[in-house]
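# Working through the structure, step by step
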Amino acid sequence: MARDQNGSGIDNGSRPMMFAGGWAQKQLFARGLLSRIALAALVGQFAVASASAQETGATAAAQKTRGADATIEELTVTGTRLSTGSFESPTPVSVVSTAELEQRGVANFAVYLSELPEFVNSNNPQTTTLWSLKNGSTYNDLRGLGPNRTLTLLDGQRFAPTAPDGTLDMNVFPTALIERIDVVTGGASAAYGSDAVAGVVNVITNKHFTGVKGDLQYGQSQYSDAKTTTGSFAAGAPLLDGRAHLVASLDFERDGGVRRQTDRPWGVAAPCIMHNPAYNGPNSQGISQRIIGYNCTLSQATLGGVITSPGALSGYQFGPGSTLEPFVPGANYSPSSPFMSGGSGASMGQDRYISVPYDRHTAYASFRYSLTDTIEAFADASVAQSHGDNATAQNWDFGSITINSDNPYIPAALRPLLAQNGTSSFQLGRVNTDMGFYVADSKSNTTRYVIGVEGKNAEWTWNAYAQQGETNYLNLQINNRIQQNFLYAVDAVTDPATGQIVCRATLTGGAPGCVPMNVLGNGSPSAAAMAYTHGTEEIAWSIQQQVAAASASKSIPTLPAGPLAIAFGGEYRKESANGNVDPLAASGGYTVVSPVPPVIGTYHVTEEFVEFGQPILKDLPLASLLSIDVAGRSAKYSTAGTAKAWKIGVSYFPVSDLQLRGLISADVRAPNLSELYSKGGLRFDTIYDPTNNKSYAIDITGGGNPSLQVETAKTKSAGFVYKPRWAQGVALSMDWFDIRLTNGIGGLSAQDQINFCQNGDQQACAAIRRGPNGLITTISNTLFNVAGERHEGIDIQGQYTRELQHSMFGLPTHLTLNLASTNTQHWTQTPDGKNFSELAGQVGANVGGSGVPKWRGNLTADLAIGPGAVNARIRYVGGGKYLNTWTTADFAENDLGAVEYLDLSARYRFNAEGQYPYELYGGVDNTLNKAPPVNPENFFIVGYTNYQLYDTIGRRFYLGIRARF
């Protein structure tokens, strides 16, 4: 990835941001499908128009002075609204070019971005294996502050979120027309508004592409899975005698995923973290409390069920056919430890997905028409669909099934033991693999429509537009257990009147249609009983967004060093959500993802911004250029009130090849629809009430908080860019950053809310309800502005490009070296405003939100020789602690080493000088097939390594062809 050394480039990001959204549940995918068909037809028409244009090349060349080839875009920087001129931006901006993506043979640019060192713990199909919602999606996360604090733009304009939490699945973008991707690695709220706390990802498209191009690729792992087919096609042509230009694209990707951890050699070992049986308390000299065990199974659950009740029955399990068998403890077995090695226990980790299967389709079209030589109208339309299905886990019961002694399924061998011990019931621990897996099936459809006009004359550059769009989402939780039906079914008895086995509740007139279930022994549940106890939970939502915006910029002659650049504008934006769930899901009747009350609500905002850039000194000794950049934004939210953001930056060139830059900014994020309006379920908790010195149980409800205020953050950045004149092709940049989030949106425990209220916090008091007797009856365990984070580190980027003097094989030879690395010095979190944790240097897989190694980086070398080229990349993931608060006395393997991966690729262009050039390319990712380090989750559905940090697919081959006409 190359650093934009001067913060400049052709960038549609000078336009104001905008939203889009909507909902129509019954037509969830019908409209999207029609849109795709229509846009596919347009691609075919453009192909014909393009071919015709090539046949009349002289005419097309004569049209370059107007219409499609006379672009009106200003020269701007993604991190600013100003045209550059003699002004240089102080904002660090990294650029990922189309050439870089093609060199790497990238099938999904969003997954590629997640491998860059600035992005931390981004979500993709490999990290969503246990997600019940949004599985298979890709959400990029700058600095690890969360995807909802990374603002993602298309041509400088917002895109409709794909979920009520404000996040955006990157699969919605038109891959075929991507020109480059700008990454602003710092707060940019003053320029672009809410959500840009961590920075901005701006996807820039080619609005004036002419011709036809396509790219097809197939890839798979060496284990014959992770089979991926991708394709992208684009066409564009001038129309109406050159006054208009039309472009369109289609993209698709189908990834077969990887179904089981045991499909990899590193997964067969089945590691987990377990208690060390040799540990004997604090006086255990040199003995760790925890160790890594292998062939891990659950100590309190088997496939056919194990009796977990203490006493004489403990130690028995049920085999096929409900036979009574002795439970075989594994190595390191302890009733107080969830895991053991081997034995009779069940394993849930072996069936965990490594990567979620998914497919995506995107269609896009853009039409631009020159009203005059200086004014252009435009209209854009896009539709994106994605589908992921994920068998998340079996349903389970760790001692929560009660079997009464009169259950007729109890084997004869067990009945004497029950009688001898006077036992009326026992508890059963079971992993219900024979009842199938929970399957999360997610589908989304996102549409976006934009119309606008923009112009430029000798003094002004301006634009105005309106946008409408929608995201419709449907999630099915297939084979979800209906908890009450399950409890009815397992409580089986013999009907004294008929001698038939029935549900106990049936004898008392309840549970109509109940089918008794035998859970004693693997394979015992009948198909009829499973149909009665399982169903499909349906969750649907819609996000609607509309925007109207306008902005303008100009340069005003002021100082001798250069003119004052000024940009200003305003916008109105509205966002709303609506949802629907089936009644059983709303009442909490299913076992997982339940209750799920719909998110229903809306907010609107009006914003105004202004930005100034002024060169102060120029072409003086030790002051080749000194300029300042000042920006401010005021936003008035219908929910969160007024929020203000600002930025002050300085760019200083003591000599022309060295830039020193720094900035300080105040950034904001407004609460999203989910945080404002989500409705939580009901649970119970025991609290201490200081007003009457009593402890008692109360009801706890969750959900959003309409009273939330905006989050605020202060960002500081300082660094340099060096492009020495004495070493042509060399560029180096280094930037220190410090982001401090305050007033962040987070949750409190019920007891913390009581304590905060006792100390005078009125927001906490408002969530507490008391009855007539003065006792607390209910606490709304909602979200508050109490969280905080700090991220501090250094970004280092380097590039070397050179045309080699002595060409190889008599062919022109070009060498490019790129280095991108990030050193995270501090990452502290405080979710409740009181307790702090340091996550920098923490690489454990199960720490309630993984940390990040202190060092991450990529080193890429590309050597092009005539029509051929080879490319090599080393990905470096630094080592660290499994958990920073642990020592080796807590965990024997608390220190984990660094990991490096080698990716190789090659490409060759045929008929390079001809009319129809095409290029074959291929490569091998993780060439050495390096297995991820043993880094298991401390969780009963065990992930055997850290999916957010390491390559879990293994060696992967791909081959593709791209062509342009």
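What follows is about the overall build of the protein chain. Counting its regular elements, the protein chain contains 14 helices and 46 strands. Counting only C-alpha atoms, the protein chain reaches 100 × 70 × 65 Å along its principal axes. Across the 965 residues in the protein chain, those meeting the buried criterion constitute 57%. Residue pairs in contact within the protein chain that sit at least 24 positions apart in sequence constitute 73% of those at least 6 positions apart. Here the protein chain carries 68 positive and 79 negative side-chain charges, and the mean point of each set is 2 Å from the other.

To continue, consider unusual backbone geometry. Even without a glycine there, the phi angle at N693 is positive, about 60 degrees. Topologically, N693 is positioned in the loop between β31 (679-689) and β32 (694-703). A relative accessible area of 57% means that N693 is categorised as exposed. Despite not being glycine, N926 has its phi angle at roughly 50 degrees, a positive value. Mapped onto the elements, N926 comes out in the loop between β45 (918-925) and β46 (956-964).

To continue, consider the pairing of strand β18 (residues 375-394). Counting buried positions over the 20 residues of β18 gives 15, a clear majority of the element. When strand β17 (residues 358-370) meets β18, the two strands line up antiparallel, connected through 13 bridges. The partner of Y364 across the bridge, within β18, is S382. Between β17 and the antiparallel strand that follows it, β18, lie four residues. With 19 bridges joining them, β18 and strand β21 (residues 437-456) adopt antiparallel strand pairing. When the bridges of β21 are listed, V383 appears paired with T447.

Going through the model one piece at a time under the given rule, you end up with three disulfides. Paired by a disulfide, C272 and C296 hold their sulfur atoms 2.1 Å apart. Taking the sign of the S-S torsion, -80 degrees for the link of C272 and C296, the bridge is left-handed. Pair noted here: C272 is in strand β10 (residues 272-275) and C296 is in strand β12 (residues 296-298), with a separation of 24 residues, a long-range link. Since its relative accessible area comes to 7%, C296 is described here as buried.

The next subject is the environment of L859. Relative to the helices and strands, L859 resides in strand β40 (residues 855-865). A relative accessible area of 43% places L859 in the partly exposed class. Excluding residues that lie within four positions of it along the chain, L859 makes contacts with N818, L819, A872, R873 and I874.

What follows concerns the nonpolar core. Membership of the largest hydrophobic core comes to 27 residues, with the highest contact counts inside it found for F109, L113, F173 and I181. Sorting the residues of this core by element identifies α4 (109-114), β5 (178-184), β6 (199-205) and β34 (730-747) as the ones contributing at least two each. A total of four residues in this core trace back to one element, the largest contributor, which is α4. Residue contacts for I181: discarding those within four places in its chain leaves S94, V95, V96, L101, F109, L113, V201, N202 and V203. By size, the runner-up hydrophobic cluster in this structure holds 24 residues, among which are I401, L414, L418 and C503.

Before going further, it helps to spend a moment on the pairing of strand β29 (residues 641-655). Two elements, strand β28 (residues 623-637) and β29, share 13 bridges in a ladder whose sense is antiparallel. By the bridge assignment, I628 is partnered in β29 with V650. Adjacent in sequence and paired antiparallel, β28 and β29 are bridged by three residues. Note that β29 and strand β30 (residues 658-669) share eight bridges and pair antiparallel. Bridge assignment links V650 to a residue of β30, and that residue is G662. Where β29 folds back on β30, the antiparallel hairpin that results is connected by two residues.

A separate point is helix α8 (residues 483-490). Within the span of α8, buried status applies to N485, F486, A489 and V490. Summarising the axial view, the buried residues of α8 lie within an arc of 125 degrees, below the 170-degree limit, and thus occupy one face. Of the surrounding elements, those touching the buried residues of α8 are β19 (396-404), β22 (460-481), β23 (492-494), β24 (501-503) and α10 (527-533).

Moving on, we come to the pattern of salt bridges. As enumerated under the stated definition, the model contains 44 salt bridges in all. Across the pair K554 and E459 runs a salt bridge, and its minimum N-O distance is 3.6 Å. Placement of K554 in strand β25 (residues 534-559) and of E459 in the loop between β21 and β22 is noted, with a sequence separation of 95 residues between them. By relative accessible area, K554 is classed as buried at 19%.

Evaluation of the coordinates by the stated rule reveals 17 aromatic pairs. With a centroid separation of 5.1 Å and an interplanar angle of 85 degrees, the aromatic rings of F398 and F940 are classed as edge-to-face. With F398 in strand β19 and F940 in the loop between β45 and β46, the pair connects residues that are 542 residues apart, well separated along the chain. A residue is classified by how much of its surface remains accessible, and F398, at 35% relative accessible area, is partly exposed. An aromatic cluster is present here, built from W396, F398, Y438 and F940 joined pairwise through their rings. Of note, R352 hangs over the ring of Y947, and the distance from its end group to the ring centre comes to 5.0 Å.

What follows deals with the side chain of N472. Note that N472 resides in strand β22. A polar atom in the side chain of N472 sits 3.4 Å from the side chain of E470.

Mapped onto the elements of the fold, D141 is located in the loop between α4 and β3 (150-154). Residue D141 is classed as buried on the basis of its relative accessible area of 5%. Spatially, the C-alpha atoms of D141 and G589 are 34 Å apart, while their sequence positions differ by 448 residues. What D141 contacts, discounting residues up to four positions off in sequence, is E118, F119, V120, N121, S122, G146, P147 and T150. At 2.8 Å, the side chain of D141 forms a polar contact with the backbone nitrogen of G146.

In this section: the confidence of the model for the protein chain. Confidence in the prediction for the protein chain averages 86 pLDDT; 90% of positions are at 70 or higher. Of all secondary-structure elements in the protein chain, the lowest mean pLDDT belongs to helix α2 (residues 57-62), at 31, while α10 reaches the highest, 97. Within the model, pLDDT remains below 50 along residues 1-75, and this stretch shows 250 contacts once partners closer than five positions in the same chain are excluded.

So, on to a nonpolar patch on the surface. Among the surface-exposed residues, L559, F612, I616, L617, L620, I628, V630, W646, I648 and V650 lie close enough to one another that they form a single nonpolar patch of about 730 Å² accessible area. Among the elements of the structure, β27 (601-620), β28 and β29 are those that each provide at least two residues to the nonpolar patch. Ranked by residue count, the leading element in the nonpolar patch is β27, at four residues. Judged by relative accessible area, V650 falls into the partly exposed class, the value being 36%.

Each value, and the rule that gives it
Residues numbered from 1 in each chain as written. Predicted model: local features only at pLDDT ≥ 70, side-chain atom pairs only at ≥ 80, totals over all residues. Heavy atoms only, no water. Helix = DSSP H or I, 4+ residues; strand = E, 2+ residues; numbered from the N terminus. Buried < 20%, exposed > 50% of the residue type's maximum accessible area, 1.4 Å probe, protein only. Contact = heavy atoms within 4.5 Å. Lys, Arg positive; Asp, Glu negative; His and termini not counted. Charge placed at Lys NZ, Arg CZ, Asp CG, Glu CD. Pairing = 2+ DSSP bridges. Disulfide = S-S within 2.5 Å. Core = buried A, V, L, I, M, F, W, Y, C linked by side-chain atoms within 4.5 Å. Arc of directions from axis to C-beta. Salt bridge = Lys/Arg side-chain N within 4 Å of Asp/Glu carboxyl O. Phe/Tyr/Trp six-rings, centres within 6.5 Å; stacked < 30°, edge-to-face > 60°. Lys NZ or Arg CZ within 6 Å of the ring centre and 35° of its normal. Polar contact = N/O pair within 3.5 Å; in protein donor to acceptor, adjacent residues only side chain to side chain. pLDDT = per-residue confidence, 0-100. Patch = residues over 30% accessible without salt bridge, like charges linked within 9 Å, V, L, I, M, F, W, Y side chains within 5 Å. Areas by Shrake-Rupley, 256 points an atom, 1.4 Å probe, with all protein chains shown as cover.

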